[in-house]
Number of protein chains: 2
Amino acid sequence: MALIVQKYGGTSVGTVDRIRNVAAKIANFRAQGHRLVVVVSAMSGETNRLVALAKDISAMPSARELDVLLSTGEQVTIALLSMALEEMGVPAQSFTGGQVHIRTDSAFNKARIVDIDRQRVDEALAQNKVVVVAGFQGVDDHGNITTLGRGGSDTTAVAMAAALKADECQIYTDVDGVYTTDPRVVPQARHLPRITYEEMLEMASLGAKVLQIRSVEFASKYQVPLRVLSSFEDGPGTLICSEDDEMEQALISGIAFNRDEAKLTVLGVPDQPGVAGRILGPISDAGIEVDMIVQNVAENDCTDFTFTVHHNDYAKALGILRQVCSDLNAREVKGDDKIVKVSIVGVGMRSHAGIAATMFRTLANEGINIQMISTSEIKVSVVIASKYLELGVRALHTAFGLDGEKEVSVGA
Amino acid sequence: MALIVQKYGGTSVGTVDRIRNVAAKIANFRAQGHRLVVVVSAMSGETNRLVALAKDISAMPSARELDVLLSTGEQVTIALLSMALEEMGVPAQSFTGGQVHIRTDSAFNKARIVDIDRQRVDEALAQNKVVVVAGFQGVDDHGNITTLGRGGSDTTAVAMAAALKADECQIYTDVDGVYTTDPRVVPQARHLPRITYEEMLEMASLGAKVLQIRSVEFASKYQVPLRVLSSFEDGPGTLICSEDDEMEQALISGIAFNRDEAKLTVLGVPDQPGVAGRILGPISDAGIEVDMIVQNVAENDCTDFTFTVHHNDYAKALGILRQVCSDLNAREVKGDDKIVKVSIVGVGMRSHAGIAATMFRTLANEGINIQMISTSEIKVSVVIASKYLELGVRALHTAFGLDGEKEVSVGA
């Protein structure tokens, strides 16, 4: 008789019929004797509808009021799901973020969970009820409604699981788990039964959009076993947990890629202390996040400075850099938004040399030029021209022995 | 510098444009130096949309969860209106029923307000903010969300005004005030600048659907000056207040009518003590509300017993009465759903005889037969065939000197 926290995303509860399906799934779990806390998102499309209403009123709507508005999306879902459960004879009780005391800081639109008072949940569980909690939302010390930012329902689920010391946190989504890479790009992509928190973090932050990154960090911090499953088909999904001896030590667990970046280079920067700060300071002041940064060794007292930003910030960053270039007496600014970042990820590479070399050789054999390189303990990322994405990822997938025996089918 | 509570209904905030208009009205009031607390309903259509979702899931949705669901409607409006105000440079802060501590009992779907903790409102007003409160909702002692039932936003506004000892509570609606009767029936209907609580209660309960009845009771109990105005055009509206010497003492303030009733009669009931209870007991047990009740004087140890119910309950009541009739050895059950109740209302009639006589003579002159009569201190109601509604109301309107000099225009 386990205590399980389940989270169903917007697609899984996108219609009344789907809400009924989710209720039936929950009823089934409960019949197996489990105690259940269910976290839900807004019905798919609802958050966008509400954002559009707000934008219609104000280009920069009040952050506090935006959270009051958006939090209604999940509130609708908890009510409907609880009704559906009761209709099936399963006692259930809904809780908004405020009612279950998901205490956050006061950073509206991107609040962070401070703690959760488990008392009301425990009371409802003791009454043999399924507890249905609104994801994505909380309440600050002044009683204001806050939201955790997009995808925050995953974080709510993991935080609930941590607070309740649940046996497992299950994230139901529209894919049936984590794959060695995107099966739409590599048909031989293999389903992974397990993956470590660290690998999942690298995969997630590199563009594998299965789980919200903060929820994985949270799960790692509190050692919550996290499972990604499909809400539309049965299967074990992928368990995200700590590295242990039983875990098969593949060198590389997966290949992630990110098409959303653009590259900017300042050429001929005078090689002086503080130059990097003078280039990136104005970028950061403009609210632009920088991902990879590479600075080449200086030649003739000059250096080249390259970094990547999100596509959406490309034009803005380019404008800023032109000004910076003239202030710094640098030679020239260049940009390229036809690039892609490809990364190999795996805890196994910690203890194995030559992984990076294999990666570079594999790409070279396909005639793919590497424009930037960046590494961490468990990943190697390269930037290549975006036209080589499929070719490069497939070659790497084969080179690192990740190909499955046959094509896999992916959840709806 | 007055403290004013304003309430805007669903039609007044039915679109983003209308919300902007309301914000502009509020900004204008504030510029005149008033402190403002604004209560809003859900955008028109929203409550029906949410109810339809619930009904799609369950024919009898959980009452608690229905309130969780419905309360989102007003929450959306408070957020959007606050955004619109801030966009105009007017500092504003929204409050849900729970946040402003509108404490109610736990009767989900039809909760009653127990008290309001004005502290948070006072704090926001002290910061020079417009306070925007979600109507229709509250919170019980266990932290559950409750709703006050349809039209409850009027009650929220009056309760806020009572708690804050506001100078006036203004209800903005789609009509520009209270009329001597429905202008769609009598084009000469006159706009009333003032009316007493008692008269308004009789008018409202008799079918003049301007204000929710509970809100008028509440205003009367706490002596809150209540004003009904149009949100679409300027004008003084109608002030509902206590009777005072300045008030023009018209004999009759208005003529109300109600098309929603049906009449049931049990004929030949043995004239014994307890018979009325044995007839109405089963009706009441079935949750059917009874309006007028008339029992004729007994002849030959038999009496006839007549009462009216809402149209919607007519068939059900008829079925129950047939059973009761046989149990009581009564002769026959008759029903008629082609009736209308017409009432003349006015505090002036307290001190004047002959009002009822004038009413009956006027109807008789038009050849209209009176089927039932019922009176209270400030009203006389009759039931007539529904085909005579317009004829009867117009004749009474003229007979009691209520006709205006020319046709009035009614708000959009």
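Just so you know, the residues in each chain are numbered from 1, in the order the chain's sequence is written. Chain letters start at A and ligand numbers start at 1, both assigned in the order the entries are written. Restriction of local features to residues with pLDDT of at least 70 applies here, the model being predicted, together with a cutoff of 80 or more for giving and counting side-chain atom pairs; totals for whole chains, interfaces and linings are based on all residues.

### Here we look at the overall build of chain A
Then, number 1: Elements are defined by DSSP. Helices are runs of H or I of four residues or more, strands are runs of E of two residues or more, and each kind is numbered from the N terminus. If you tally the helices and strands in chain A, you get 11 helices and 22 strands.
Then, number 2: For the radius of gyration, the atom set is restricted to C-alpha positions; the globular benchmark scales as 2.2 Å times the number of residues to the power 0.38. Whereas a compact globule of 412 residues would reach a radius of gyration of roughly 22 Å, chain A reaches 23 Å, a difference of no more than 12%.
Then, number 3: Residues are called buried when their C-beta atom has 20 or more other C-beta atoms within 10 Å, exposed when it has 12 or fewer, and partly exposed otherwise; all C-beta atoms are positioned from the backbone. Here chain A holds 412 residues, and the buried ones make up 48% of them.
Then, number 4: Residue pairs qualify as contacts under a 7 Å threshold applied to their C-beta atoms, which are placed from the backbone. The long-range share in chain A, meaning contacts at least 24 apart out of those at least 6 apart in sequence, stands at 75%.

### Focus on the relation of the copies chain B and chain A
Then, number 1: A residue counts toward the fit only if its pLDDT is at least 70 in both copies, and the copies are then superposed by least squares on the C-alpha atoms of those residues. After a rotation of 179° and a shift along the axis of 0.1 Å, chain B superposes on chain A with an RMSD of 0.1 Å. Accordingly, the operation relating the two chain copies is best matched by a two-fold axis. Identified as the residue of chain B closest to the rotation axis by C-alpha distance is Thr72(B), at 2.6 Å.
Then, number 2: In this assembly, 100% of the residues forming the interface of chain B have copies in chain A that are likewise at the interface, indicating an isologous arrangement.

### Thoughts on the interface of chain B and chain A
Then, number 1: Listed by partner, the interface residues are 28 residues for chain B and 28 residues for chain A.
Then, number 2: Sorting the residues of the side of chain B that touches chain A by element identifies α1 (16–31), α2 (46–57) and α3 (63–87) of chain B as the ones contributing at least two each.
Then, number 3: Per element, the largest residue contribution to the side of chain B that touches chain A is 14 residues, and it comes from α3(B).
Then, number 4: Its residues assigned to classes, the side of chain B that touches chain A comprises 14 nonpolar, nine polar and five charged. Just so you know the grouping, Ala, Val, Leu, Ile, Met, Phe, Trp, Tyr, Cys and Pro go in nonpolar, Asp, Glu, Lys and Arg go in charged, and all remaining residues, Gly too, go in polar.

### Brief notes about helix α5 (residues 152–164) of chain A
At 3.6 residues per turn, the α-helix brings residues three or four places apart onto the same side.
Then, number 1: Here a helix's expected span is defined as the number of its residues, less one, multiplied by 1.5 Å. Between its first and last C-alpha atoms α5(A) spans 18 Å; for 13 residues at 1.5 Å apiece the expected length is 18 Å, and the two agree.
Then, number 2: Across the 13 residues that make up α5(A), a large majority, 13, are buried.

### A few points about the sheet that holds strand β19 (residues 332–336) of chain A
Residues and elements named next belong to chain A.
Then, number 1: Here four strands make up an open sheet; going across it, the order is β17-β18-β16-β19 and the pairing antiparallel. The sheet is open, and its two borders are formed by β17 (290–295) and β19, each paired with just one other strand. Neighbour-to-neighbour, the strand axes of the sheet open up by a mean angle of 15°, direction not taken into account.
Then, number 2: Taken together, the five bridges between strand β16 (residues 261–270) and β19 define a ladder with antiparallel strand orientation. Within β19, the position partnered with Lys263 by the bridge is Asp336. One requirement defines pairing of two strands: DSSP has to find at least two bridges between them. Think of each axis as a best-fit line through the C-alpha atoms, taken over the contacting stretch in the case of a helix, with angles from 0 to 180 degrees between the N-to-C directions.

### A look at the sheet that holds strand β15 (residues 254–258) of chain A
What holds strands together in a sheet is hydrogen bonding between their backbones, with the strands either parallel or antiparallel.
Residues and elements named next belong to chain A.
Then, number 1: Ordered by their spatial adjacency, four strands build an open sheet running β15-β20-β22-β21, and the pairing between neighbours is antiparallel. In this open sheet, the two edge strands, each paired with only one partner strand, are β15 and β21 (372–376). Averaged over all neighbouring strand pairs, the angle between strand axes comes to 20°, with direction disregarded.
Then, number 2: As defined by bridge partners, strand β20 (residues 339–345) adjoins strand β22 (residues 379–385) across seven bridges and the pair is classed as antiparallel. Bridge assignment links Ser343 to a residue of β22, and that residue is Ser381.
Then, number 3: Here helix α10 (residues 355–365) sits on the sheet in contact with β20, β21 and β22, set at roughly 20° to β22.

### Some remarks on the environment of Val5(B)
Residues and elements named next belong to chain B.
Then, number 1: Mapped onto the elements, Val5 comes out in strand β1 (residues 3–8).
Then, number 2: Since 29 C-beta atoms lie within 10 Å of it, Val5 is described here as buried.
Then, number 3: Along the backbone, Val5 and Ala157 are 152 residues apart, and their C-alpha atoms lie at a distance of 6.5 Å.

### Let's talk about the packing of α10(A) against helix α11 (residues 389–399) of chain A
Residues and elements named next belong to chain A.
Then, number 1: Direction vectors running N to C along α10 and α11 enclose 130°, while the axes themselves pass 9 Å from each other. The angle between the axes of α10 and α11 places the two elements in the oblique class. The handedness of the crossing between α10 and α11 comes out as right-handed. Taking contact as the criterion, the partners of Thr358, Met359, Thr362 and Leu363 in α10 are, on α11, Gly392, Ala395, Leu396 and Ala399.
Then, number 2: Looking at the contact of α10 with α11 residue by residue, the classes come out as five nonpolar, three polar and no charged. For this classification, under 35 degrees means roughly parallel, over 145 means roughly antiparallel, 65 to 115 means roughly perpendicular, and everything else is oblique. Handedness of a crossing is defined here by the sense of rotation of the near helix relative to the far one, left-handed for an anticlockwise turn of less than a right angle and right-handed for a clockwise turn.

### What to know about helix α1 (residues 16–31) of chain A
Residues and elements named next belong to chain A.
Then, number 1: Taking 1.5 Å of rise per residue, the 16 residues of α1 would be expected to cover 22 Å, and the 22 Å separating its terminal C-alpha atoms lies within 8% of that figure.
Then, number 2: Looking only at α1, the buried set comprises Ile19, Arg20, Val22, Ala23, Ile26 and Arg30. In a view along the axis of α1, the buried residues occupy a sector of 160°, so they form one face of it. Those residues of α1 that are exposed and aimed more than 90 degrees away from the buried face are Asp17, Asn28 and Ala31. Directions are taken from the helix axis to each C-beta atom, and the arc is the one they span.

### Quick word on the packing of helix α2 (residues 46–57) of chain A against α3(B)
Then, number 1: Between α2(A) and α3(B), the shortest axis-to-axis distance is 9 Å and the interhelical angle comes to 25°. Judged by the angle between their axes, α2(A) and α3(B) are roughly parallel. Once α2(A) is placed against α3(B), the crossing between them reads as right-handed. Where α2(A) approaches α3(B), its residues Leu53(A), Ala54(A) and Ile57(A) are matched on the opposing element by Leu80(B), Met83(B), Ala84(B) and Glu87(B).
Then, number 2: When grouped by side-chain class, the residues that make up the contact of α2(A) with α3(B) number six nonpolar, no polar and one charged.

### A short note on the confidence of the model for chain A
Residues and elements named next belong to chain A.
Then, number 1: Here pLDDT means the predictor's own confidence in every residue, given as a number from 0 to 100. Of all residues in chain A, 95% have pLDDT values of 70 or greater, and the mean over the chain is 90.
Then, number 2: With pLDDT under 50 throughout, residues 406–412 is counted as low confidence; its partners more than four residues away or in other chains account for 16 contacts.
Then, number 3: Both confidence scores are given for the complex: pTM 0.81, ipTM 0.79.

### What about the environment of Glu332(B)?
Residues and elements named next belong to chain B.
Then, number 1: Counting through the fold element by element, Glu332 comes out in strand β19 (residues 332–336).
Then, number 2: C-alpha separation for the pair Glu332 and Leu267, spaced 65 residues apart in sequence, amounts to 5.1 Å.
Then, number 3: Beyond its immediate sequence surroundings of up to four residues, Glu332 is in contact with Leu267 and Gly268.

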